[in-house]
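Report on the structure
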Amino acid sequence: MLEEIVSALKKARRVVITTHTRPDGDAIGSQLALGNYLKRQGKDVLMVNQDQSPYNLEWLPGADHIELYDASLRHVEFIAHADVVVILDTNVQERLGSVGKQVRGTTSTKILVDHHTDSENWFDLTLKRESASSTAELLFELFELWDLDGIDHDVAAPLYVAMMTDTGSFRFSNVSANLHRMVAELIERGKFDPSILHAEVYDKKSIEGIKLLSSVLSSIELHYNGRIGTVVVTRRMLSESGASVEETDGFVNQVLSIEGVLVALIFTETERGTKISFRSKGDHFVHKWAQSYGGGGHRNASGAFIIGTLDHAFRKAIASAPHFINLPNLETSSELSDEDAAYLNSLMNSQNN
Ligand SMILES: [Mn+2]
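Residues numbered from 1 in each chain as written. Predicted model: local features only at pLDDT ≥ 70, side-chain atom pairs only at ≥ 80, totals over all residues.

1. Topic: the overall build of the protein chain
Quick reminder of the rule: Only DSSP runs of H or I with at least four residues qualify as helices, and only runs of E with at least two residues qualify as strands; both kinds are numbered from the N terminus onward. The burial label depends on the number of other C-beta atoms within 10 Å of a residue's C-beta. Counts of 20 or more mean buried, 12 or fewer mean exposed, and intermediate counts mean partly exposed, with C-beta atoms placed from the backbone. Whether two residues are in contact is decided by their C-beta atoms, placed from the backbone, lying within 7 Å.
Within the protein chain, the secondary structure is distributed over 14 helices and 12 strands. Projected onto the principal axes, the alpha-carbon positions of the protein chain cover approximately 85 × 45 × 40 Å. By the burial criterion, 40% of the 353 residues in the protein chain qualify as buried. In the protein chain, the share of contacts with a sequence separation of at least 24, taken over all contacts with a separation of at least 6, comes to 67%.

The following block contains the structure:
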């Protein structure tokens with residue numbers, strides 16, 4: 001399948017590249033890496049999305065060439081006459097926003113490159129693997145088969161940022177030796193300083209965002225003997241801090257960093273309902289839990305949306321935790337039954353004698 005994808009792209013003259021709504025580092029980084037690579041090969045490329053790129057990714061090479069879809073004649077025509085459409089980092093039409101209907105309806109070859117679960121099946125060619133750390137990792141394989149010499153700074157830097165952001169700066173469980181080999185290749189070919197790229201992405205927080213973090217963290221609660229941690233983002237916290245909701249990205253990882261916490265949940269109150277983000281460690285998978293509310297994502301990082309108040313969503317999710325997470329050793333010494341406590345007491349007394 002990878003060979004077919006490379007040959008379809010080689011043959012193509014006009015290529016559309018799109019990705020999901022509220023795009024993240026993997027979405028934008030992968031889109032720019034592929035777009036810049038294809039432009040170097042002389043292709044006519046349109047990078048078009050439903051939503052704006054995050055402010056901390058606007059410096060990436062080519063970012064100013066990503067267009068917001070506006071259903072203009074130029075967009076509609078370009079998409080209609082494209083030889084290939086590449087969909088990155090999501091596998092469902094709905095997540096593409098209004099671009100989705102447009103690209104799905106074309107007769108062009110539709111290529112999916114993605115690492116999410118439960119793919120839709122309207123794509124002609126797919127490069128998908130749930131165990132891949134990022135969409136960028138899959139794109140590297142594509143470049144490897146095509147020609148690694150096509151990777152210059154403008155391809156390497158966005159690809160690196162995509163890998164870095166989707167792996168929590170190379171610390172999640174999906175990080176492999178293979179990924180680090182790719183990264184080594186990118187640093188050599190891109191001739192960039194990783195510490196500078198890291199700072200460009202992560203050290204651009206606003207004081208409002210840090211104030212929001214402070215009030216969000218003060219809502220922290222642990223459940224099920226400290227195995228599940230939660231925080232909430234209320235509309236009031238948002239308005240009082242003056243921060244935008246995008247600045248809550250990564251807050252959930254603070255909760256997951258607590259020793260003993262297996263799963264961290266962040267509940268974000270919106271006008272229409274409550275958004276839940278699930279993050280987990282190791283093999284405590286959360287995607288089925290998110291799916292039970294109509295959401296989805298990855299095994300260790302998923303999301304869902306519940307219509308209703310924050311309080312309702314919170315109670316519902318916490319109550320259902322034992323159905324989806326194996327919560328080991330819930331019994332601790334502080335929760336011994338009267339009978340066990342008496343037995344333990346007798347043992348301790350006998351040792352004293
Ligand atoms: Mn991704």
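2. Side note on the environment of valine 113
As for its placement among the helices and strands, valine 113 is situated in strand S5 (residues 109–114). Taking the C-beta count within 10 Å as the criterion, valine 113 has 27 such neighbours and is therefore assigned buried. With 21 residues separating them along the chain, valine 113 and serine 134 place their C-alpha atoms 9.9 Å apart. When residues no more than four places from it in sequence are discounted, the contact partners of valine 113 are Val86, Leu88, Leu127, Thr135, Leu138 and Leu139.

3. Brief notes about the domain arrangement of the protein chain
Defined as follows: Segmentation of the chain into domains, including their bounds, is taken from an automatic or database domain assignment. When residues are grouped by polarity, Ala, Val, Leu, Ile, Met, Phe, Trp, Tyr, Cys and Pro land in nonpolar, Asp, Glu, Lys and Arg in charged, and all others, Gly among them, in polar.
Each domain of the protein chain was delimited in the assignment, giving domain 1 (2–202) and domain 2 (207–324). Each of domain 1 and domain 2 has a C-alpha centre, and the two are 27 Å apart. Of the residues that constitute the side of domain 1 that touches domain 2, the class distribution is 2 nonpolar, 4 polar and 1 charged.

4. A closer look at the nonpolar core
The criterion, for reference: What we call a nonpolar core is a set of buried Ala, Val, Leu, Ile, Met, Phe, Trp, Tyr and Cys residues whose membership is set by joining through C-beta atoms within 7 Å.
Val15, Val16, Ala33, Val86, Leu139, Leu159 and Tyr160 are the most contacted members of the largest nonpolar core, which totals 56 residues. Counting residues per element, this core draws most heavily on helix H6 (residues 153–166), which supplies 9 residues. Ignoring anything within four residues of it in the chain, the contact list for valine 86 reads Val15, Ile17, Leu34, Ile111 and Val113. Listed in part, the 31 residues of the second largest apolar core include Val252, Ile276, Ala317 and Ile325.

5. What to know about the sheet that holds strand S2 (residues 44–49)
Put simply, the test is: Any two strands with at least two DSSP bridges between them are considered paired. Interaxial angles span 0 to 180 degrees and are taken between N-to-C directions of axes, which are lines fitted to C-alpha atoms, for helices over the stretch in contact.
If you walk across this open sheet you meet the 6 strands as S3-S2-S1-S4-S5-S6, and the pairing is parallel. If you trace the sheet from one side to the other, it starts and ends with strand S3 (67–68) and strand S6 (125–128), each paired once. Direction of pairing for strand S4 (residues 84–88) relative to S5: parallel, over a ladder of 5 bridges. Considered in S5, the bridge of valine 85 is made with lysine 110. Those strands touched by helix H5 (residues 135–146) are S4, S5 and S6, and its axis lies near 120° from that of S5.

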